[in-house]
Amino acid sequence: MIKVGIIGSTGYAGAEIVRLIQQHKEAEVVWFGSRSYVDKKYSEVFRNMFQIVDAKCLDDNMEELAEAVDVIFTATPQGLCGSLVNEEILNKVKIIDLSADFRIKDVATYEKWYGIEHKSPQFIDEAVYGLCEINRDKVADARIIANPGCYTTCSILSIYPMVKEGLIDTKSIIVDAKSGTSGAGRGAKVPNLFCEVNENIKAYGVTTHRHTPEIEEQLGYAAGEEVLINFTPHLVPMQRGILVTAYADLKKEVTYDEVKAVYDKYYGDEYFIRVLEKDETPETRWVEGSNFVDVNFKIDERTGRIIMMGALDNLIKGAAGQAVQNFNIMFGFDENEGLQQVPMFP
């Protein structure tokens, strides 16, 4: 059994990693890290784990943890993993980081958008951006994985085939995205209280959201050129889910069958990416509780634009599920091990 340690196991993403690993045939969590609940039983923090997890929460001593496990998941705020990782630790253990510390390759860009100093820039080039369906071969040999964000995963996977094939003008991309409240984390914040969120929808982080440079950088690699986008996220009154609707100018006239063939070229053999039937639109309810991403597109012949759409569960494929998928690739397991949950409905 592969021994797993989690720093930040009592946040939403960390708790989902715990839940998913409970269903994994080849792994077990032996370190439930949490600064807020040290020595408290994990099942007292999350009662769904009663009689399933008997362990107590531990601290985030990275040196001690690296001696006890084979892989560390860091489901923590930006800056923490970067401040803890070093060469000695990476020589002992693999790290899958769910924060943004190693996602963006340009240190100045990271520090500008996140407003903090990067504590270990020497590992940025080595870190592999863990979008499994695009970087699978690199993930397999990595010591440190930068697990993508939820908005970015949905946005990139919805748009990637069109950018990769050079069918859209990359200067015209607009991404309109919506997220459930769990995307903001488990910390108590007034804007996320029930009375603030219920019966309301709002845009936030307009022109300033931190996932913008991450999306631009990854699509830029696919396009082979600089990509600039307009990205506007919205908070909607639901617990889970990301819905992306992206728009771009087509470079030439294309038919439905031609574009469908492009999506099938990249995703036809992917277990977790489902290209929907013609005229079907992705819905968050059909991916909730699963690692699936539903994508589709619609050509607007009148305007010469294409609308690209995607939906996923922000806590699973947008965080913990993708982290476990990366874990499976790193250790040579079946990619869907521990991730075969059918989407929940209702």
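Residues numbered from 1 in each chain as written. Predicted model: local features only at pLDDT ≥ 70, side-chain atom pairs only at ≥ 80, totals over all residues. Heavy atoms only, no water.

Asker: How do you make sense of the sheet that holds strand 14 (residues 305–312) when you look at a structure like this?
Answerer: As a general point, the strands of a sheet are linked pairwise by backbone hydrogen bonds and lie either parallel or antiparallel. The 7 strands are arranged 9-10-8-11-14-13-12 in an open sheet whose pairing can be described as mixed. The open sheet has two free edges, formed respectively by strand 9 (202–203) and strand 12 (273–275), since each of these has just one partner strand. Judged from the 6 bridges that link them, strand 8 (residues 174–179) and strand 11 (residues 242–249) form a sheet pairing that is antiparallel. Its bridge partner being in strand 11, Ile174 is matched across the sheet by Tyr247. Contacts between helix 8 (residues 150–164) and the sheet are confined to strand 8, strand 10 (230–235), strand 11, strand 12, strand 13 (293–300) and strand 14, with strand 14 contributing the most and set at about 140° to the helix. (Pairing = 2+ DSSP bridges. Helix = DSSP H or I, 4+ residues; strand = E, 2+ residues; numbered from the N terminus. Contact = heavy atoms within 4.5 Å. Axes fitted to C-alpha atoms, helices over the stretch in contact; angles between N-to-C directions.)

Asker: Where do I start with the pairing of strand 13 in this structure?
Answerer: In regular strands, side chains alternate between the two faces of the sheet. As judged from the 3 bridges shared by strand 12 and strand 13, these two strands associate in the parallel manner. The partner of Ile273 across the bridge, within strand 13, is Val293. Relative to strand 14, strand 13 is paired through 8 bridges, and the arrangement is antiparallel. Looking across to strand 14, one finds that Asp300 is bridged to Arg305. The turn linking strand 13 back onto strand 14 is made up of 4 residues, and Gly304 within it adopts a positive phi angle of 70°.

Asker: Honestly, empty space enclosed by the protein in this entry has me stumped. Any pointers?
Answerer: Any space left empty among the atoms is revealed by the rolling of a water-sized probe across them. Going through the model one piece at a time under the given rule, you end up with 1 cavity of 30 Å³ or more. Considering only enclosed or pocket space, the largest cavity measures out at about 40 Å³ in volume. Taken together, Glu196, Val197, Asn200, Ile201, Lys202, Leu235 and Val236 form the lining of the largest cavity. (1 Å grid on protein atoms, 1.4 Å probe; cavity = no way out; pocket = protein on both sides within 12 Å on 5 of 7 lines; lining within 4 Å. Points joined across faces, edges and corners; volume = space filled by probe spheres on them.)

Asker: Where do I start with the layout of surface pockets in this structure?
Answerer: Space inside the largest pocket adds up to approximately 1500 Å³. What lines the largest pocket is a set of 50 residues, among which Gln78, Gly183, Ala184, Gly185 and Lys189 lie closest to the centre. Broken down by secondary-structure element, the contributors of at least two residues to the lining of the largest pocket are helix 1 (12–21), helix 8 and helix 12 (316–331). For the lining of the largest pocket, the element with the highest residue contribution is helix 1, accounting for 3 residues. Roughly 540 Å³ of internal volume is contained in the second largest pocket. Forming the boundary of the second largest pocket are 25 residues, of which Tyr12, Thr181, Ser182, Gly185 and Gln239 lie nearest the centre. Within the residue set of the lining of the second largest pocket, elements represented by two or more residues are helix 1 and helix 9 (194–197). The greatest single-element share of the lining of the second largest pocket, amounting to 4 residues, is contributed by helix 1.

Asker: Which parts of the structure should I look at to understand the pattern of salt bridges?
Answerer: Opposite charge on two side chains permits pairing when their charged atoms draw close. Scanning the entire structure with this criterion turns up 21 salt bridges. Arg240 is paired through a salt bridge with Glu16; the nearest N and O atoms lie 3.0 Å apart. Of this pair, Arg240 sits in the loop between strand 10 and strand 11 while Glu16 sits in helix 1, and the two are 224 residues apart along the sequence. Overall, the relative accessible area of 19% leaves Arg240 in the buried class. (Salt bridge = Lys/Arg side-chain N within 4 Å of Asp/Glu carboxyl O. Buried < 20%, exposed > 50% of the residue type's maximum accessible area, 1.4 Å probe, protein only.)

Asker: Please clarify how the packing of aromatic side chains should be interpreted in this entry.
Answerer: To describe a pair of aromatic rings, you give the distance between the ring centres and the angle between the ring planes. A complete count under the given rule lists 16 aromatic pairs for this structure. Relative to Phe297, the ring of Tyr263 lies with its centre 5.3 Å away and its plane at 15°, an arrangement referred to as stacked. Linking Tyr263 in helix 11 (residues 256–267) with Phe297 in strand 13, this pair joins segments that are 34 residues apart in sequence. In this structure Tyr263 comes out as buried when scored by relative accessible area, which is 0%. The rings of Phe73, Phe327, Phe331 and Phe333 are connected pair by pair, giving a single aromatic cluster. Above the plane of the ring of Phe292 lies Arg274, whose end atom (NZ or CZ) is 4.5 Å from the centre. (Phe/Tyr/Trp six-rings, centres within 6.5 Å; stacked < 30°, edge-to-face > 60°. Lys NZ or Arg CZ within 6 Å of the ring centre and 35° of its normal.)

Asker: Would you take a moment to explain the packing of helix 8 against helix 11 for this structure?
Answerer: Two quantities define a packed helix pair, namely the angle between the helix axes and the distance between the axes. Where helix 8 meets helix 11, the axes come as close as 9 Å, and the angle between the chain directions of the two elements is 110°. The angle between helix 8 and helix 11 places the two elements in the roughly perpendicular class. Pair helix 8 / helix 11 crosses with right-handed handedness. Residues Ile156, Leu157, Ser158, Tyr160, Pro161, Met162 and Lys164 of helix 8 touch helix 11, and the partners they reach there are Val259, Val262, Tyr263, Tyr266 and Tyr267. Of the residues that constitute the contact of helix 8 with helix 11, the class distribution is 10 nonpolar, 1 polar and 1 charged. (Parallel < 35°, antiparallel > 145°, perpendicular 65-115°, else oblique. Left-handed = near helix turned anticlockwise from the far one by under 90°. Nonpolar A, V, L, I, M, F, W, Y, C, P; charged D, E, K, R; others polar.)

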